[in-house]
Amino acid sequence: MEAANEREKIVGVPIPEEGSQEFEKMNRMAKKAIPLILLIFTFGILEQQAFGMIFVNIGQQLGATNLAPLITSIPGIILGIVCVVYGALGDFVSLKKMTLLGVIIFVIGSIIGFGFGPSSIWAVVIARVLQSAGGQVAGSVFLVLVSKYIAKENRVIYYGIFVAVFRFSAALGVVAAGYITKIDWRWLFAVPIISVLFIPSLARNLPDERAEGANIDWLGFILIGAFAGAMTMFFTDMNAFWAISSVVTLVLFFVYINKAKNPFITPEFLKNPALIATMSVIFIGYFFSYTLNAGVNAIGLNVFGIDSAQVSLLLVGSILLAAVLGFVCGPVVKKIGRSAAIIMALSFMGLGLLAIAFAIPHGKVWALALAPCIYYFGTSFFYSPIVDTATLTVTPEESGRVLGVNDLVQAITGSVGVAVFGGMMSSGVMSGSSVVGSAEGAASTYANIFLIGGAIILVALVIFIVTRKMIYTHGEKIQQSK
């Protein structure tokens, strides 16, 4: 405990006081950089969604069908690791250097995929790993820029735009993959190469400050990255090795931050009650996030007798609705407040899942298009206020670490949820009957799973209502003490 007793207060890059001349200068620079950052982020999500859709096609073309899932699984693991690392690094290192390095890695991966992808599936995997590692910088830097250099009252607007861009990028990726495969999938890799043209403008407008005297806690990053990777692998390929690895790396991380002199995350950071409550709401609220599309697809196939292509057309409308709402949710959240927006969002998310369950026994295909809209309506109003709330529970200098933890929590909870509910759907549990009146068999299984999913989200709503006074009171004290 000697090292812990000698621990210095961990501070990040100093943030200018809002309203000061220095803040206004950084605010103008951030606003110039953000459009290009979002464009690079768009390319990254487009690539992720596109290759997630056509990896089977690529595997067949390259004669490596058994290895094709690696095109999405390995980059997915890398993405889970870099999300938490990049967010935390944003508190210590130059955002300019971090972004430029990420763009270079992103472009190199794209060039490798375009030039060598058609010759080897391993070239495709390596290219996608580099794209995931480099492209994610844009998403992390955007969130750090907003949390540090955008006025408090306007942050929810930018977070809403971020969600909208993510949704549009996802929809664009699915559409692009479908059409480009008719020509040559390698051209998907060519699209992000134009990111290199943004480097001069980004170099001029991104902050170049770093924490004075700060030493990057590489061992801490390695341990939390190893935990993220082990958890992701466990819920991708459940076995004892990855379960044990997850526990061991988590224990080692907690031992390390209690012994190390200057860990990037301190035990005190993780004992923040307002932060823990907010992260609990995020974990439970997003638990069904990766399961909805897969569940609706299963309902379409096994209950309504339609194929996946038809299901995707039904779902794309709800995804685009969420994207459009992302652009308008900021002003709405700003008007009604974070707390009311979170309550509204979780209510609609829970009701959306319940609506899908009640739609099953009626056999109306159009219900598979309408009911998910209710859920996605809720998600559009959930992300920006809950992330903004999380950043308010810590000092501005620690906001990057909070954003990294938020990304990690969202990645893990979605993986846990899809593993749990996916296993339930494939095993046909609770197929005897359902309170919604569905027929025995698959229909009852899916109805009951969606009922459980809706109930879980409503639990998150109850937790938030019970803890919101404590969360915002703590946040006000933190902001006033700055």
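Residues numbered from 1 in each chain as written. Predicted model: local features only at pLDDT ≥ 70, side-chain atom pairs only at ≥ 80, totals over all residues. Heavy atoms only, no water.

A. Spatial organisation of the overall build of the chain. What the chain contains, in helices and strands, is 19 helices and zero strands. By the compact-globule yardstick of 23 Å for 482 residues, the chain fits well, its C-alpha radius of gyration being 22 Å. The principal-axis extent of the C-alpha atoms belonging to the chain is close to 65 × 55 × 45 Å. Looking at the chain as a whole, 56% of its 482 residues qualify as buried. Accessible area for the chain stands at about 19600 Å²; split by element, carbon and sulfur atoms hold 68% of it. Each charge class in the chain can be summarised by its mean position, and for the 29 positive and 24 negative side chains these summaries are 5 Å apart. (Helix = DSSP H or I, 4+ residues; strand = E, 2+ residues; numbered from the N terminus. Rg over C-alpha atoms; globule rule 2.2 N^0.38 Å. Buried < 20%, exposed > 50% of the residue type's maximum accessible area, 1.4 Å probe, protein only. Areas by Shrake-Rupley, 256 points an atom, 1.4 Å probe, with all protein chains shown as cover. Lys, Arg positive; Asp, Glu negative; His and termini not counted. Charge placed at Lys NZ, Arg CZ, Asp CG, Glu CD.)

B. Expanded view of the nonpolar core. Ranked by internal contacts, the top residues of the largest apolar core, which has 131 residues, are F142, L202, L292, L346 and F382. The residues touching L202, leaving out its near neighbours within four places in the chain, are A33, L36, I37, I40, T99, L100 and V103. Formed by 20 residues, the second largest nonpolar core is a distinct cluster that contains F55, V125, L188 and F189. (Core = buried A, V, L, I, M, F, W, Y, C linked by side-chain atoms within 4.5 Å. Contact = heavy atoms within 4.5 Å.)

C. Quick look at the side chain of Q136. Following the sequence through the fold, Q136 ends up in helix α5 (residues 121-149). Q136 sits in the buried class, given a relative accessible area of 12%. For Q136, the residues in contact, after removing those within four places along its chain, are L79, V82, C83, Y86, Q131 and D407.

D. Structural context of helix α17 (residues 383-392). Most of α17 sits inside the fold, with ten of its ten residues counted as buried. Every buried residue belonging to α17 is among Y383, S384, P385, I386, V387, D388, T389, A390, T391 and L392, and all of these are buried.

E. Region of the structure containing the environment of A367. Its place among the elements puts A367 in helix α16 (residues 367-380). Once the C-alpha coordinates of A367 and Y286 are considered, the two residues, 81 residues apart in sequence, prove to be 22 Å apart. Look past the residues within four positions of A367 in its chain and what remains in contact with it is A359 and P372.

F. View of the confidence of the model for the chain. Predicted confidence across the chain gives a mean pLDDT of 83, with 90% of residues reaching 70 or more. Put simply, helix α1 (residues 2-5) is where the chain has its lowest mean pLDDT, 43, and helix α12 (residues 273-285) is where it has its highest, 95. Residue range residues 1-11 is modelled with pLDDT below 50. Its contacts to residues more than four positions away, or to other chains, number 28 contacts. (pLDDT = per-residue confidence, 0-100.)

G. A look at the packing of aromatic side chains. Enumeration over the complete set of coordinates arrives at 18 aromatic pairs. Geometrically, the ring pair formed by W185 and F189 is edge-to-face, given 6.5 Å between the ring centres and 65° between the ring planes. Of the two residues examined, W185 and F189, each falls in the buried class. Three or more aromatic residues joined by ring pairs make a cluster, and in this case those are F41, F142, F162, F166 and Y383. Taking the ring centre of F114 as reference, the NZ or CZ of R186 above it sits at 4.5 Å. (Phe/Tyr/Trp six-rings, centres within 6.5 Å; stacked < 30°, edge-to-face > 60°. Lys NZ or Arg CZ within 6 Å of the ring centre and 35° of its normal.)

H. How the structure looks around a nonpolar patch on the surface. Among the surface-exposed residues, F168, L320, V324, F327 and V328 lie close enough to one another that they form a single nonpolar patch of about 390 Å² accessible area. In terms of residue count, helix α14 (residues 308-336) provides more of the nonpolar patch than any other element does, four residues in total. (Patch = residues over 30% accessible without salt bridge, like charges linked within 9 Å, V, L, I, M, F, W, Y side chains within 5 Å. Salt bridge = Lys/Arg side-chain N within 4 Å of Asp/Glu carboxyl O.)

I. Broad picture of the packing of α12 against α17. Contact geometry for α12 and α17: axes closest at 9 Å, N-to-C directions at 160°. When the interaxial angle is binned, α12 and α17 end up roughly antiparallel. Helix-helix and strand crossings are classified by hand; for α12 and α17 the assignment is left-handed. Contact residues: α12 offers L275, T278, M279, V281 and I282, while α17 offers I386, T389 and A390. Residue classes in the contact of α12 with α17 are distributed as six nonpolar, two polar and no charged. (Axes fitted to C-alpha atoms, helices over the stretch in contact; angles between N-to-C directions. Parallel < 35°, antiparallel > 145°, perpendicular 65-115°, else oblique. Left-handed = near helix turned anticlockwise from the far one by under 90°. Nonpolar A, V, L, I, M, F, W, Y, C, P; charged D, E, K, R; others polar.)

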